[in-house]
Amino acid sequence: MEINVQPSSPPNYPPLRPSGLGGWLVLVQIGLIATLIQVSYQLINYNIPSFSQEYWGILASPQGEMYHPLWAPVIIFEAAANGVLLLLTVFTLILFYQKKALLPRMMIILYSVNLLIGIIDYVLVMNIPVASELEDGSSMRDLIRALFTCVIWTAYFRKSERVRYTFIR
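Procedures and definitions
- Residues numbered from 1 in each chain as written.
- Predicted model: local features only at pLDDT ≥ 70, side-chain atom pairs only at ≥ 80, totals over all residues.
- Heavy atoms only, no water.
- Core = buried A, V, L, I, M, F, W, Y, C linked by side-chain atoms within 4.5 Å.
- Buried < 20%, exposed > 50% of the residue type's maximum accessible area, 1.4 Å probe, protein only.
- Helix = DSSP H or I, 4+ residues; strand = E, 2+ residues; numbered from the N terminus.
- Contact = heavy atoms within 4.5 Å.
- Salt bridge = Lys/Arg side-chain N within 4 Å of Asp/Glu carboxyl O.
- Phe/Tyr/Trp six-rings, centres within 6.5 Å; stacked < 30°, edge-to-face > 60°.
- Lys NZ or Arg CZ within 6 Å of the ring centre and 35° of its normal.
- Axes fitted to C-alpha atoms, helices over the stretch in contact; angles between N-to-C directions.
- Parallel < 35°, antiparallel > 145°, perpendicular 65-115°, else oblique.
- Left-handed = near helix turned anticlockwise from the far one by under 90°.
- Nonpolar A, V, L, I, M, F, W, Y, C, P; charged D, E, K, R; others polar.
- Patch = residues over 30% accessible without salt bridge, like charges linked within 9 Å, V, L, I, M, F, W, Y side chains within 5 Å.
- Areas by Shrake-Rupley, 256 points an atom, 1.4 Å probe, with all protein chains shown as cover.
- Lys, Arg positive; Asp, Glu negative; His and termini not counted.
- Charge placed at Lys NZ, Arg CZ, Asp CG, Glu CD.
- Expected span 1.5 Å × (residues − 1).
- Arc of directions from axis to C-beta.

### Let's talk about the nonpolar core
Then comes step 1: Ranked by size, the top nonpolar core spans 26 residues in total, and within it Leu-25, Val-28 and Phe-157 carry the most contacts.
Then comes step 2: Elements that contribute at least two residues to this core include exactly helix 1 (25–47), helix 3 (71–98), helix 4 (103–126) and helix 6 (138–159).
Then comes step 3: Of the residues forming this core, the biggest block, 7 residues, is contributed by helix 4.
Then comes step 4: Residues within four places of Phe-157 in sequence aside, it is in contact with Leu-25, Val-28, Leu-103, Pro-104, Met-107, Ile-108, Tyr-111 and Val-163.
Then comes step 5: In terms of nonpolar packing, the next biggest core, distinct from the first, is built from 7 residues, Leu-59, Trp-71, Ile-75 and Val-125 among them.

Here is the structure:
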């Protein structure tokens, strides 16, 4: 009995592609968690107390010693904006860990909304004389940082192979 064994070709596996929550996505994950903590902290320690009689009376009441007509809209806008950012961040984190295909769009929306909120807040605050006098340049630095963050991560989420092969559900 003769056995004729012919060499078989090696199995044809698909090429390995980067996927999973590694690589640069680790930084995105850290950023989302840091944003969640920072926005929660701002809401609890600054935005909610701003509506107390003490602060509201000083800033937003016509009888207040630091009154300006824009303080009320600024206080309301900042609280609402931080509330929206908190909800967007939580929703984005859920999508991130579930590896949903919607995540890249949500990340771009989150970074864009953050930049837009920063621009609107900066313009409003700079129109209040007392606040603009106290500005030390940190608001402009934060705005520029938000712009670069938005541009860099938007490009990453649009072009990255890891993003394309990770968020597919």
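There is more to say, and it comes next.
### As for the pattern of salt bridges
Then comes step 1: Enumeration over the complete set of coordinates arrives at 1 salt bridge.
Then comes step 2: When the shortest N-O distance is used, the salt bridge between Arg-145 and Asp-142 registers 2.9 Å. Of this pair, Arg-145 and Asp-142 both sit in helix 6, 3 residues apart, which is roughly one turn of the helix.

### Concerning the packing of aromatic side chains
Then comes step 1: With the rule as written, the count across this model stands at 6 aromatic pairs.
Then comes step 2: Judged by centre distance (5.7 Å) and plane angle (45°), the ring pair of Phe-96 and Phe-167 falls under tilted. Separated by 71 residues along the polypeptide, Phe-96 in helix 3 and Phe-167 in the segment after helix 7 (161–166) bring together distant segments of the chain.
Then comes step 3: The class of Phe-167 is buried, set by a relative accessible area of 4%.
Then comes step 4: Aromatic ring contacts, followed pair by pair, group Phe-96, Tyr-97 and Phe-167 into a single cluster.
Then comes step 5: Over the face of the ring belonging to Tyr-165 we find Arg-164, whose NZ or CZ atom lies 5.9 Å from the ring centre.

### Here we look at the packing of helix 4 against helix 6
Then comes step 1: Two elements in contact, helix 4 and helix 6, have axes separated by 9 Å at closest approach and are oriented at 165°. When the interaxial angle is binned, helix 4 and helix 6 end up roughly antiparallel. Read as a crossing pair, helix 4 and helix 6 show a hand that is left-handed. Counted together, Leu-103, Pro-104, Met-107, Ile-108, Tyr-111, Ser-112, Asn-114, Leu-115, Gly-118, Ile-119 and Tyr-122 of helix 4 and Ser-139, Met-140, Leu-143, Ala-146, Leu-147, Thr-149, Cys-150, Trp-153, Thr-154, Phe-157 and Arg-158 of helix 6 form the full contact between these two elements.
Then comes step 2: Across the contact of helix 4 with helix 6, the residue classes tally to 15 nonpolar, 6 polar and 1 charged.

### Considerations on a positive patch on the surface
Then comes step 1: Together, Arg-17, Arg-158, Lys-159 and Arg-164 make up a region of like positive charge exposed at the surface.
Then comes step 2: Note that Arg-158 resides in helix 6.

### Regarding helix 6
Then comes step 1: For helix 6, with 22 residues, the first-to-last C-alpha span of 31 Å sits near the 32 Å given by 1.5 Å per residue.
Then comes step 2: Residues Leu-143, Ala-146, Cys-150, Trp-153, Thr-154, Tyr-156 and Phe-157 constitute the buried set of helix 6. Buried residues in helix 6, looked at end-on, bunch into an arc of 165°, giving them a common side. Opposite the buried face of helix 6, at more than 90 degrees from it, the exposed residues are Phe-148, Val-151, Ile-152 and Lys-159.

Interpretation note: all reported values are geometric properties and have no functional meaning in isolation.
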